[in-house]
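Commentary on secondary and tertiary structure
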Amino acid sequence: MRWDFSLILFILLVITGIVWFWDRYSLAAKRRQRAEAAAANVPYVPGLSTEQQQQLKEEARAKAGKMPWWVEYGVSFFPVILFVFVLRSFIFEPFRIPSGSMLPTLQSGDFILVNKYQYGIRIPVINKKVIPLSDPKAGDVLVFRYPVDTSIDYIKRVVGVPGDVVRYEGNQLYVNDKAVNLTPSGQYFEPDRHNYVAQYTEQLGSQPHQVLVNTQQNQDYMPIVRFPYLDNCDYGRQAIQCIVPEGHYFVMGDNRDNSLDSRYWGFVPDENVVGRAFFIWMNFSEPGRIGRFH
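Residues numbered from 1 in each chain as written. Predicted model: local features only at pLDDT ≥ 70, side-chain atom pairs only at ≥ 80, totals over all residues. Heavy atoms only, no water.

Turning to the sheet that holds strand E7 (residues 165-169), a few remarks are in order. If you walk across this open sheet you meet the 5 strands as E9-E8-E7-E14-E13, and the pairing is antiparallel. Looking at the sheet topology across the chains shown, the edges are occupied by strand E9 (178-179) and strand E13 (233-236). Both E7 and strand E14 (residues 239-243) contribute to a ladder of 5 bridges, which runs antiparallel. Note that in E14 the partner of Glu169 across the bridge is Ala239. (Pairing = 2+ DSSP bridges. Helix = DSSP H or I, 4+ residues; strand = E, 2+ residues; numbered from the N terminus.)

Spelled out as structure tokens, the structure:
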């Protein structure tokens, strides 16, 4: 369990929920009794009209029946917190892209929506799947808890599912010994490095997407941690090959030469999956980016 917004929201939901139920089934009735008793105990004041006498009773009733501030806040906020909690936990959750590892698909500063139910219903906070619906597929843009530090959310593209043999060698991706075709689609200015990088159209699954690959640069791949199922991977000069274990996924950033991904820290276990990213709902620098992406 991690101390994040979901946990804080859950605690607030429990607290306000207890107050709401306590008030509905106990406190409200006691307030009404006190209010009626206070109105009945208002003494008769000679010289006052019937309307004035009734006003005194109403004032006494309102004062005795007034909600304590903590009950008022709990009752008022519970429906709002419940709505937000259900929305974020089971339907859609917003995230902000913090880096350029998914360029050109997603830019730093994009605010995105993540589909929380596509891969199954999970218990909030502990993220345990209780109703499986589907599994991530190659090409999906996945939000997940970083296996090295689960307090951090990562976003990458799925390139390998359980049983796949994924190889990345010489700036070329291979899945099950088949090269994933790259079609040149111009140049892209990468703001993190202040230079232009070759842009390609790649297709994993049913939808094509754009990736950045510096064909003039070769990298050596080494694990940064000893991750689970490390023995499933072979590291060589400028190459890595992994067999994706059951219940895990191999993910990579679309910005292939500027992404810390499965090539370095291993596989994403299914229990770390948060959902599939699918929509940019705001970018304050470039509002024109709002819309769906693949």
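Still more ground to cover, so stick around.
The description of two helices packed together rests on the angle between their axes and the distance between the axes. At a minimum axis separation of 7 Å, helix H1 (residues 5-40) and helix H3 (residues 69-91) run at an interaxial angle of 135°. Taken as axis vectors, H1 and H3 run oblique relative to one another. Crossing of H1 over H3 shows left-handed handedness. Split by residue class, the contact of H1 with H3 holds 18 nonpolar, 4 polar and 3 charged. (Axes fitted to C-alpha atoms, helices over the stretch in contact; angles between N-to-C directions. Parallel < 35°, antiparallel > 145°, perpendicular 65-115°, else oblique. Left-handed = near helix turned anticlockwise from the far one by under 90°. Nonpolar A, V, L, I, M, F, W, Y, C, P; charged D, E, K, R; others polar.)

It is worth spelling out the pattern of salt bridges at this point. When the charged atoms of two side chains lie near each other, side chains of opposite charge can form a pair. Summed over all chains, the structure comprises 13 salt bridges. Close ionic contact of Asp23 with Arg31 constitutes a salt bridge, the shortest N to O distance being 2.5 Å. In this structure, Asp23 and Arg31 share a single accessibility class: buried. Here Glu169 makes a salt bridge to Arg167, at a shortest N to O gap of 2.7 Å. The class of Glu169 is partly exposed, set by a relative accessible area of 36%. Taken together, the salt bridges that share partners define one network made up of Glu36, Glu58 and Arg61. (Salt bridge = Lys/Arg side-chain N within 4 Å of Asp/Glu carboxyl O. Buried < 20%, exposed > 50% of the residue type's maximum accessible area, 1.4 Å probe, protein only.)

Evaluated as defined, the whole model comprises 23 aromatic pairs. Ring geometry for Tyr221 and Tyr264: centres 5.8 Å apart, planes at 55°, overall tilted. Here the residue Tyr221 occupies a position in the loop between strand E12 (207-212) and E13, and Tyr264 occupies one in helix H4 (residues 262-265), the gap between them amounting to 43 residues. For Tyr221, a relative accessible area of 2% puts it in the buried group. On the numbers, 6.1 Å between centres and 90° between planes, the contact of Phe227 with Phe267 is edge-to-face. Highlighted residues: Phe227 in the loop between E12 and E13 and Phe267 in the loop between H4 and strand E16 (268-269), separated in sequence by 40 residues. Under the relative-accessibility criterion, Phe267 is labelled buried at 5%. (Phe/Tyr/Trp six-rings, centres within 6.5 Å; stacked < 30°, edge-to-face > 60°.)

What follows covers the environment of Lys128. Checked against the element boundaries, Lys128 lands in strand E4 (residues 128-132). With 104 residues separating them along the chain, Lys128 and Asn232 place their C-alpha atoms 25 Å apart. Setting aside residues up to four positions removed in sequence, Lys128 forms contacts with Ile121, Arg122 and Ile123. (Contact = heavy atoms within 4.5 Å.)

For the structure on display, the rule yields 1 disulfide. Here Cys233 pairs with Cys242 through a disulfide, and the sulfurs are 2.0 Å apart. With the S-S dihedral at roughly 115°, the linkage between Cys233 and Cys242 falls on the right-handed side. Across the pair, exposure class does not vary: Cys233 and Cys242 are buried alike. (Disulfide = S-S within 2.5 Å.)

Taken by themselves, the reported measurements are silent on function.
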